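Examining the three-dimensional arrangement
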Amino acid sequence: MSAFIAASPANAAPVLPAPLKREDFTEERIQRFARLAAQAGFRVTTEAERDASLAKALARRPDSGDLWVFGYGSLMWNPALLVEESRPAKIFGYRRRFCLDQCYGRGSPEVRGAMLGLDRGGATRGVAHRIAAENIASETKILWRREMPSGAYIPTWSRAALDGGRVWVLTFVNDTAHGRYIGALDEDAIVARIALAEGQSGTNRAYLYDTVDCLQALGIADKGLIHLARRVRAYRAARNLAP
């Protein structure tokens, strides 16, 4: 694992619990979230459904050998996987957006949050993590527990530009037909969600601030996220809430 991924950004906002480890992504954790999801009107996928989704994705894999996974949110700085190396990368045809409803993790059924996803159009810079071929089975199992508990993403193979060439990467794109997709919400609504929501994994705003910090550490100024972070801080300041 790279030194960057192992370290926390120096100016990261505080989060409530300790950073998640690969051992934390268990079926028991998913069942805890299932109760919250049910309150919010969503269902959590079964282990059999996730296994079938994973098998389908790997069957469509266009290459062989070590597997690259592309992160564009918390997966950038905390992959929580056995990773051989982590490198800055860029994919094309998709843009990073806060457009996924969050009722657990960084939100609750009472105060819903918003999480990042990939929508079609544009390009996204993030981090590609390389998983050794002998660890693909164990690590993708964990990855599916993390990214696919509600089935709100479409596992997608994309070409990513790295220093020195291109590789195939596995990433997670919004399923715009899923009930958790909130791409139609305006910016004001997204700002309010991020400013107020929190859950078992921490505050929604810390997720935004940490994403901005991580990108800046990579030399990436995501103007949209920087603007959003400023608006979230202003929203909280106007209500006499801590940043």
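You'll find the structure just up there.
A brief structural summary.

The rules we used
- Residues numbered from 1 in each chain as written.
- Predicted model: local features only at pLDDT ≥ 70, side-chain atom pairs only at ≥ 80, totals over all residues.
- Heavy atoms only, no water.
- Helix = DSSP H or I, 4+ residues; strand = E, 2+ residues; numbered from the N terminus.
- Rg over C-alpha atoms; globule rule 2.2 N^0.38 Å.
- Buried < 20%, exposed > 50% of the residue type's maximum accessible area, 1.4 Å probe, protein only.
- Contact = heavy atoms within 4.5 Å.
- Areas by Shrake-Rupley, 256 points an atom, 1.4 Å probe, with all protein chains shown as cover.
- Lys, Arg positive; Asp, Glu negative; His and termini not counted.
- Charge placed at Lys NZ, Arg CZ, Asp CG, Glu CD.
- Salt bridge = Lys/Arg side-chain N within 4 Å of Asp/Glu carboxyl O.

This paragraph deals with the overall build of the protein. Scanning the protein from terminus to terminus reveals 8 helices and 7 strands. For a compact globule of 243 residues, the expected C-alpha radius of gyration is about 18 Å, and the protein comes in at 17 Å, within 12% of that figure. By its C-alpha atoms, the protein is 55 × 40 × 35 Å across when sized along the principal axes. Of all 243 residues assigned to the protein, the portion counted as buried reaches 53%. Considering only contacts within the protein whose residues lie at least 6 apart along the sequence, 77% involve residues at least 24 apart. Looking at the protein as shown, the accessible area adds up to about 10900 Å², and 52% of this sits on carbon and sulfur atoms. Treating the 34 positive side-chain charges of the protein as one cloud and the 26 negative ones as another, the clouds have centres 4 Å apart.

Another aspect to go through is the pattern of salt bridges. Evaluated as defined, the whole model comprises 17 salt bridges. Between Arg22 and Glu139 there is a salt bridge, and its shortest N-O distance comes to 2.5 Å. Remark: Glu139 occurs in helix H5 (residues 136-147) and Arg22 occurs in the loop between helix H1 (3-6) and helix H2 (27-39); sequence separation between them is 117 residues. The salt bridge involving Lys141 is made with Asp51; its shortest N-O contact spans 2.8 Å. Pair noted here: Lys141 is in helix H5 and Asp51 is in helix H3 (residues 47-59), with a separation of 90 residues, a long-range link. For Lys141, a relative accessible area of 22% gives the class partly exposed. We classify Asp51 as partly exposed; its relative accessible area is 33%. Via salt bridges that share partners, Glu27, Arg50 and Arg145 belong to a single interconnected network.

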